[in-house]
Amino acid sequence: MTSNFLKVTIERGAGAKNAQRVFEVPAHENQTVLDVVSWIQQCADPTLSYRFACRVGMCGSCAMMVNGVPRWTCRTHISKVLDDNAVTIGPLRNLPTIKDLVVDMDPFFDKWVAAEGMHHGGRTREHPIAPVDEKSAARIEANAGIECINCSVCYAACDTVAGNPEYLGPAALLRAWTLLNDARDEGREAILDAVSDKSGCHNCHSMGSCTAYCPNELDPMSAIAGLKRETTKSFLGRVR
Amino acid sequence: MNAANGIVSRAHPLWLAYVLHRLSGIGLAVFLPLHFWVLAMAMTAPARLDAFLAMSGAGVAKLAEFGLVFLLAVHMFGGLRLMALEWLPWRPSQKTLAAGAAAASFLIASFFLLKAV
Ligand code: HEM
Ligand code: SF4
Ligand code: SF4
Ligand code: FES
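Residues numbered from 1 in each chain as written. Chains lettered and ligands numbered in written order. Predicted model: local features only at pLDDT ≥ 70, side-chain atom pairs only at ≥ 80, totals over all residues. Heavy atoms only, no water.

Draft legend 1. Summary view of the packing of aromatic side chains. Applying the stated criterion to the full structure yields 5 aromatic pairs over all chains. Measuring from centroid to centroid gives 6.2 Å for Phe108(A) and Trp112(A), while their planes differ by 70°, and the two rings are edge-to-face. Of this pair, Phe108(A) and Trp112(A) both sit in helix α3 (residues 106-114), 4 residues apart, which is roughly one turn of that helix. By the burial criterion, Phe108(A) is buried, and Trp112(A) matches it. Ring centres of Phe66(B) and Phe70(B) lie 6.1 Å apart, and the angle between their planes is 15°; on these two criteria the pair is classed as stacked. Here Phe70(B) and Phe66(B) lie together in helix α3 (residues 60-87), a separation of 4 residues that amounts to about one turn. Each member of the aromatic cluster is reached from another via a ring pair, and the members are Phe108(A), Phe109(A), Trp112(A) and Tyr155(A). (Phe/Tyr/Trp six-rings, centres within 6.5 Å; stacked < 30°, edge-to-face > 60°. Helix = DSSP H or I, 4+ residues; strand = E, 2+ residues; numbered from the N terminus. Buried < 20%, exposed > 50% of the residue type's maximum accessible area, 1.4 Å probe, protein only.)

Laid out in structure tokens, this is it:
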């Protein structure tokens, strides 16, 4: 540590754009971005609002913009992001700010539903459990996407979402792709319809910011490319 | 600085490729009508075209035509790259290999080009 204090700039206030406040935060050997925000709320300014729950990268509630990059703050060490012993923290991009560092996640979750990102079961408790072949190509595709924690980091990173608020976005489309490849899901038609309309997968320009910043190292960009292929195949099939 | 609007922080290779593709696409859209207008003079005003061609041997016009070819090359390879990326389901290791092969062939091609001029 070069200095015992960090210069932390927090962007506060819904509506009041760029209402920045600067705090001096004691530096420690082991400190996450979330630790820094918590210290400010507990020791310097109790009116600061922010969101977290698990603190171990499971719940997806703590994402913020850190020096212009969307990050899960509970698993981001402050030393990784410090720039000349200073850091700027703001609310997640592409979502409405409720207060300070808390954003309204409703549009993000609504789009999961709009993308048919829910299980489409066809069986009842009377049926045997659907067999899952762990080695099938489809299962390997599905497995690649199931660790999503709904943190909205990819959604905040995506410039296509920024330019078109209707666009379903990388996380919802990744979930749609995962379900499309899940042998237990019977909603193929519904999913392909949902992801192929004007808010759907064909908006994506494969710029890859989602894949570059997903904290769980998932690959929404490639999943969306998969949806582009499947929707096109199904479209050509219908035309023929 | 506004923490939510760092452009530089988004400047990873795929994003840069996307920006390059968009800029070259817009450049082409602006440039091509001009290009066709000049070519159309062959039909409508051959004398003016000859005067223009005499002038185009050197300087600005040559540079501009070089720009057009350059934009087309950049945009075409950008577009082919996207189509290959999206329509062929690559594994990540295959992507690295393909990018490496493209970079190597580009280097070799540039080397021959430099030898030629
Ligand atoms: C040489 C063959 C060409 C190929 C292979 C090609 C390919 C493509 C592809 C795949 C896209 C979609 C990019 C995306 O989703 O982000 C695109 C976009 C575009 N193209 Fe082309 N193109 C070609 C020629 C042209 C020409 C001649 C023009 C000029 C009139 C042009 C202007 C544009 C523009 C303005 C865009 C929108 C850029 C964007 O969405 O980011 N293209 N091109
Ligand atoms: S690859 Fe597609 S979804 Fe991902 S950031 Fe780019 S436009 Fe958005
Ligand atoms: S895909 Fe990654 S970045 Fe996007 S919500 Fe899921 S875990 Fe977060
Ligand atoms: S607090 Fe749960 S993921 Fe960060």
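Draft legend 2. Representation of the interface of chain B and chain A within the structure. Listed as interface residues are 20 residues of chain B and, on the opposing side, 30 residues of chain A. Contact between chain B and chain A buries roughly 2,000 Å² in total, counting both sides, with carbon and sulfur atoms accounting for 51%. Run the count over chain B and chain A and you get 1 salt bridge. Salt-bridge contacts for Lys228(A) lead to Glu86(B); the nearest nitrogen and oxygen are separated by 2.7 Å. Taken together, the connections running from chain B to chain A amount to 6 residue pairs in polar contact (both at pLDDT 80 or more). Going through the elements one at a time, α1 (13-44) and α3 of chain B are the ones with two or more residues in the side of chain B that touches chain A. A breakdown of the residues in the side of chain B that touches chain A according to their chemical character gives 11 nonpolar, 4 polar and 5 charged. (Contact = heavy atoms within 4.5 Å. Buried area = accessible area lost by both parts, 1.4 Å probe. Salt bridge = Lys/Arg side-chain N within 4 Å of Asp/Glu carboxyl O. Polar contact = N/O pair within 3.5 Å; in protein donor to acceptor, adjacent residues only side chain to side chain. Nonpolar A, V, L, I, M, F, W, Y, C, P; charged D, E, K, R; others polar.)

Draft legend 3. Focus on the confidence of the model for chain B. Residue and element names in this part refer to chain B. The predicted model of chain B averages 81 in pLDDT, with 89% of residues at 70 or higher. When mean pLDDT is taken per element in chain B, α1 scores highest with 89 and helix α4 (residues 92-116) scores lowest with 77. The complex prediction reports pTM at 0.87, with the ipTM value standing at 0.78. (pLDDT = per-residue confidence, 0-100.)

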